[in-house]
Amino acid sequence: MAKQGNGKQRGDSGPAAKIAKITAIIVALTGLVTAIVHFRDSIPWLTPVATIEVTPSPINLDVGDRIQTVATAKDSKGNALGKKASWSSSNPGVAEVEVDGNVTAKGPGETTVVASMGFIKGVALAHVRHVTVASVEVFPPATTLEVDGHLKFDATPYDSDGNSLLGRPVRWSGENSSVAAAEESSGDVTGRSVGAVKVTANCEGKLNVALVTVSAKAVSTGASGGSAQPAPPAPRVAAETRRPEGPALAAHEMLAHAVAQKITIRGGVKTGNCPASIRVLLGKTLVVLESDPQEVLGLPSGDLTYNLHGTVSCARQSLAVVDGRGTVSVANQKAYRCHWQRTGPKNYSISLESE
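Let us look at the structure shown here. Source: prediction; values computed, not measured.

**What about the side chain of glutamate 137?**
For step 1, the next point in the chain: Mapped onto the secondary structure, glutamate 137 falls in strand S10 (residues 135–139).
For step 2, the next point in the chain: Within the local environment of glutamate 137, its side chain forms a polar contact with the side chain of arginine 325, the two groups lying 2.4 Å apart.

**Notes on the nonpolar core**
For step 1, the next point in the chain: Ranked by size, the top nonpolar core spans 26 residues in total, and within it Ile263, Ile278, Val280, Leu282, Val312, Val330 and Leu352 carry the most contacts.
For step 2, the next point in the chain: For this core, the secondary-structure elements that each account for two or more residues are strand S20 (263–266), strand S22 (274–282), strand S23 (285–289), strand S26 (302–312), strand S27 (320–330), strand S28 (334–344) and strand S29 (347–354).
For step 3, the next point in the chain: Counting residues per element, this core draws most heavily on S22, which supplies five residues.
For step 4, the next point in the chain: Contacts of valine 330, omitting those with residues within four sequence positions, involve Ala260, Ile263, Leu299, Pro300, Ser301, Gly302, Leu304 and Tyr336.

**A few points about the packing of aromatic side chains**
What describes a pair of aromatic rings is the distance from one ring centre to the other and the angle between the planes of the rings.
For step 1, the next point in the chain: Counted according to the given criterion, the structure contains two aromatic pairs.
For step 2, the next point in the chain: On the basis of an interplanar angle of 40 degrees and a centroid distance of 6.1 Å, the ring pair of phenylalanine 153 and tryptophan 172 is categorised as tilted. With phenylalanine 153 in the loop between strand S12 (150–152) and strand S13 (154–158) and tryptophan 172 in strand S14 (residues 171–174), the pair connects residues that are 19 residues apart, well separated along the chain. One exposure class covers both phenylalanine 153 and tryptophan 172, and it is buried.

**Some thoughts on a nonpolar patch on the surface**
For step 1, the next point in the chain: Taken together, the side chains of Ile25, Leu29 and Leu32 present a nonpolar region at the surface, about 290 Å² in accessible area.
For step 2, the next point in the chain: You can see isoleucine 25 is positioned in helix H1 (residues 2–41).

**Quick look at the pairing of S22**
For step 1, the next point in the chain: Of all nine residues in S22, seven are buried, a share of seventy percent or more.
For step 2, the next point in the chain: One ladder, built from seven bridges, connects S22 with S26; its direction is antiparallel. Among the inter-strand pairings, alanine 276 is bridged to a residue of S26, identified as valine 312.
For step 3, the next point in the chain: Sheet analysis places S22 next to S23, joined by five bridges and oriented antiparallel. Looking across to S23, one finds that valine 280 is bridged to valine 287.
For step 4, the next point in the chain: Connecting S22 to the antiparallel partner S23 that follows it, the hairpin turn spans two residues, and glycine 283 within it adopts a positive phi of roughly 65 degrees.

**Comments concerning the sheet that holds strand S18 (residues 206–215)**
For step 1, the next point in the chain: A sheet is described by the order of its strands in space; here four strands give the open sequence S11-S18-S17-S14, paired in mixed fashion. In this open sheet, the two strands that pair with only one neighbour each are strand S11 (142–146) and S14. The sheet shows a mean angle of 25 degrees between the axes of neighbouring strands, taken without regard to direction.
For step 2, the next point in the chain: Where S11 and S18 come together, five bridges link them in parallel fashion. Bridge pairing links glutamate 146 to serine 215 in S18.

**Remarks on the sheet that holds strand S9 (residues 120–129)**
For step 1, the next point in the chain: One open sheet holds the four strands; their spatial order is S2-S9-S8-S5, and the pairing between them is mixed. In this open sheet, the two edge strands, each paired with only one partner strand, are strand S2 (59–62) and strand S5 (86–89). Each strand axis lies, on average, 25 degrees off the axis of its neighbour in the sheet, ignoring direction.
For step 2, the next point in the chain: For S5 and strand S8 (residues 109–117), the ladder comprises four bridges, and the chain directions are antiparallel. Following the sheet pairing, serine 88 is matched in S8 by valine 114.

**With respect to unusual backbone geometry**
For step 1, the next point in the chain: For the peptide bond that leads from serine 57 to proline 58, omega is 0 degrees, which places it in the cis range.
For step 2, the next point in the chain: Tracing the sequence through the fold places proline 58 in the loop between strand S1 (51–55) and S2.
For step 3, the next point in the chain: Cis rather than trans, the peptide bond between phenylalanine 139 and proline 140 has omega equal to -10 degrees.
For step 4, the next point in the chain: Structurally, proline 140 is set in the loop between S10 and S11.
For step 5, the next point in the chain: Notably, glutamate 204 is not glycine yet its phi reads approximately 50 degrees, a positive angle.
For step 6, the next point in the chain: Judged by its relative accessible area of 41%, glutamate 204 falls in the partly exposed class.
For step 7, the next point in the chain: Positioned with a positive phi, glutamine 333 is a non-glycine residue whose angle comes to about 55 degrees.

Criteria and cut-off values
- Residues numbered from 1 in each chain as written.
- Predicted model: local features only at pLDDT ≥ 70, side-chain atom pairs only at ≥ 80, totals over all residues.
- Heavy atoms only, no water.
- Helix = DSSP H or I, 4+ residues; strand = E, 2+ residues; numbered from the N terminus.
- Polar contact = N/O pair within 3.5 Å; in protein donor to acceptor, adjacent residues only side chain to side chain.
- Core = buried A, V, L, I, M, F, W, Y, C linked by side-chain atoms within 4.5 Å.
- Buried < 20%, exposed > 50% of the residue type's maximum accessible area, 1.4 Å probe, protein only.
- Contact = heavy atoms within 4.5 Å.
- Phe/Tyr/Trp six-rings, centres within 6.5 Å; stacked < 30°, edge-to-face > 60°.
- Patch = residues over 30% accessible without salt bridge, like charges linked within 9 Å, V, L, I, M, F, W, Y side chains within 5 Å.
- Areas by Shrake-Rupley, 256 points an atom, 1.4 Å probe, with all protein chains shown as cover.
- Salt bridge = Lys/Arg side-chain N within 4 Å of Asp/Glu carboxyl O.
- Pairing = 2+ DSSP bridges.
- Axes fitted to C-alpha atoms, helices over the stretch in contact; angles between N-to-C directions.

By themselves, these observations are geometric and do not establish any function.
As structure tokens, this is what we get:
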């Protein structure tokens, strides 16, 4: 009897031990899997992507616009993972997307911009419209050239809301090419003979004109009995326009003004990391801002009107127009700083203020 009892006990303990071992293995494997999952989730590039968020969304563009889109991968808890997406457009004829997510509007319509990571996708709807030109602004609105002198004009089309429409083709023409010839596509105007003509900018049927006055070349004079000495170079000037206080100064009035030895314009060539190309019509002197600071010589002292125009070019973004108008009080050895203000998605305004 005792042997039978002992055998029964051994038989009962065998299955229980196996079950305990299996249970321990399961617990150990569960812990290992949990540890692996936690380790995986602690490293963003190993964590599975649950969703992809595309910004901006929706994407609203005009034909020719460019904008940078961003795809943010997130895990199941909404944490950003920092993974790189593949980009595509369902209709590249409407909007084309590059490998870095930069979108270019090609034609009017709608399309979807898709960011993909494996089987997970993020989508943004892109609306592209073709906006008609409502007006064209010409800069400078007037200029004076010597015979054989030349100047490149700018023309900026605007829509009815005042947003610039850069990238639209502009055609230039002059009413009398024997006085001043205009290059049709570039807007470069060359003085041919003494006289005054209008140069017209045409963009999609909207017109504006600039007045070009061509004068004779300056003649060098010398003292009696000696060789002729060259005349000092005259500053590049442009006829003043939009003077609310009265017409442009006559030549003898200009000579009556004291001449400022030097003024300096600072901060006029960039905003943030976006370089700008700007020209300033300061009184009658046309200044090209090519450095910071930019020194300007030979200006009449006193109150002068100014007119600014140019473009800002940010990486992977559409060009933006910069402009500004106002009055500055010019004095000897004085410095002025450009103050930037964004007035719209494609436009900046600049004012000149003394430091």
